[in-house]
Amino acid sequence: MSTTDVVAPATTDELVAALARATPMTRLLAGGTDLVNDIRRPGRQTDLLIDLSHMPALSYVRHDGDMLRVGAMTTFTELQADPLVHEHAFCLERAASQVGSAQIRNVATIGGNVANASPCADGATALVALSAEVTTLDGSGHRATRPLRDVLLGSGRTALTDGEAIVEFAFAALGNEHRSAFAKIGWRTAVSVARLSMALVVRFDPVAEVLSEVRVGLGAVGETAFRDAVLEGLLEGRPADEESARILAEGCADAVRRSIPGRYSLPYKERAAVGLAYDAWNALRICPPCEPAWG
Ligand SMILES: Cc1cc2nc3c(=O)[nH]c(=O)nc-3n(C[C@H](O)[C@H](O)[C@H](O)COP(=O)(O)OP(=O)(O)OC[C@H]3O[C@@H](n4cnc5c(N)ncnc54)[C@H](O)[C@@H]3O)c2cc1C
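Residues numbered from 1 in each chain as written. Predicted model: local features only at pLDDT ≥ 70, side-chain atom pairs only at ≥ 80, totals over all residues. Heavy atoms only, no water.

**Q** I'd like a description of the pairing of strand 12 (residues 194–205), backed by residues and values.
**A** Counting buried positions along strand 12 gives 10 out of 12 residues, so the element sits mostly inside the fold. Of the pairings in the sheet, the one linking strand 11 (residues 178–186) to strand 12 comprises 9 bridges and is antiparallel in character. Counted as the bridge partner of Ala 183 is Met 198 from strand 12. Pairing geometry for strand 12 and strand 13 (residues 210–219), over 8 bridges, is antiparallel. Bridge pairing in strand 13 links Met 198 to Leu 218. (Buried < 20%, exposed > 50% of the residue type's maximum accessible area, 1.4 Å probe, protein only. Helix = DSSP H or I, 4+ residues; strand = E, 2+ residues; numbered from the N terminus. Pairing = 2+ DSSP bridges.)

Take a look at the structure:
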């Protein structure tokens, strides 16, 4: 029987040294909520586990100029309670608050959520809408920063190489004129991964009363969380009114039709997408609540 070596770096130098030993069978351990199940499966044996839980330096939320910086080991409980996240990235706070149960949120990290690359990852959907960048560290001590959309390649697939750890996410902090929201539909209301999720970010100028900088992130629709540029273009420059809510809902249903043509869940997801879009729209609180006109 093969054995697994475990290292628990406590400093950046120790982490770099551990990453330098990585092989294709090496795994990073953060909260373990995805990994522990995964490595129990046949053929998922590891040679080296790099336990990141002794790296407090990777757990933080910081304002840095116009940017918000979030350490990879920040848990969803921490994100949910963080005043900076509340003020400058509300959709991430909302997403964090809807991950699993309190027990899961206490240990599950934003880094593990992205690196696991599930299409249903709530944190990834919010970070996509926030246009986040990802910074990684490798076994030679090299740091690289790239857009999150370049890291998420598909279901369970990322651009991370063996021995490359996510250390930080960064995005422009949302200001007073921005609004953001997150909505999700699961199998049931608690401890449930998303069957569909949406993160919305808009800038709403109260004088001109139009939407700008519209960003629509969708999760659990395709292989990975993604932004819908076509839908964003349709909403850009529009007033915050019922027609904009309808366009969002129709665009969301369209994205579902494009992403899973012919799949058994399509009729359910198409209709759910409309309800989800109205939930997210109403959570922005930029106009009186709207309801879908179910046909
Ligand atoms: C009961 C239950 C309910 C859940 N509900 C939800 C839910 O509602 N929404 C949701 O989004 N998820 C949910 N999940 C999934 C899981 O909790 C999240 O994906 C979580 O964020 C994973 O983070 P972790 O810290 O536990 O990662 P781990 O399990 O430790 O790691 C996950 C993967 O990421 C890699 N990894 C971890 N950290 C890094 C890093 N810094 N750099 C590079 N690679 C890294 C690991 O090697 C592994 O491959 C649920 C899980 C369970 C068991």
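**Q** Provide a residue-level description of the pairing of strand 7 (residues 143–147), including the pertinent values.
**A** Note: strand 6 (residues 133–138) against strand 7, 5 bridges, orientation antiparallel. Its bridge partner being in strand 7, Glu 133 is matched across the sheet by Pro 147.

**Q** So what's going on with the packing of helix 11 (residues 242–259) against helix 12 (residues 266–284)? Residues and values would help.
**A** Viewed as axis vectors pointing N to C, helix 11 and helix 12 meet at an angle of 150°, and their least axial separation amounts to 8 Å. By crossing handedness, the relation of helix 11 to helix 12 is classed as right-handed. Of the residues in helix 12, those touching helix 11 at Ser 244, Ala 245, Arg 246, Leu 248, Ala 249, Cys 252, Ala 253, Val 256 and Arg 257 are Leu 266, Lys 269, Glu 270, Ala 273, Val 274, Ala 277, Tyr 278 and Trp 281. Looking at the contact of helix 11 with helix 12, its residues break down into 12 nonpolar, 1 polar and 4 charged. (Axes fitted to C-alpha atoms, helices over the stretch in contact; angles between N-to-C directions. Left-handed = near helix turned anticlockwise from the far one by under 90°. Contact = heavy atoms within 4.5 Å. Nonpolar A, V, L, I, M, F, W, Y, C, P; charged D, E, K, R; others polar.)

**Q** Can you break down the environment of Arg 195 residue by residue, with the values?
**A** Checked against the element boundaries, Arg 195 lands in strand 12. The spatial distance from the C-alpha of Arg 195 to the C-alpha of Pro 119 is 9.3 Å, given a sequence separation of 76 residues.

**Q** Go over the environment of Ala 253 with me, naming the residues and quoting the values.
**A** You can see Ala 253 is positioned in helix 11. Residue Ala 253 is classed as buried on the basis of its relative accessible area, which comes to 2%. Separated by 246 residues in sequence, Ala 253 and Val 7 have C-alpha atoms that sit 46 Å apart. Not counting residues up to four positions away in its chain, the partners in contact with Ala 253 are Glu 270, Ala 273 and Val 274.

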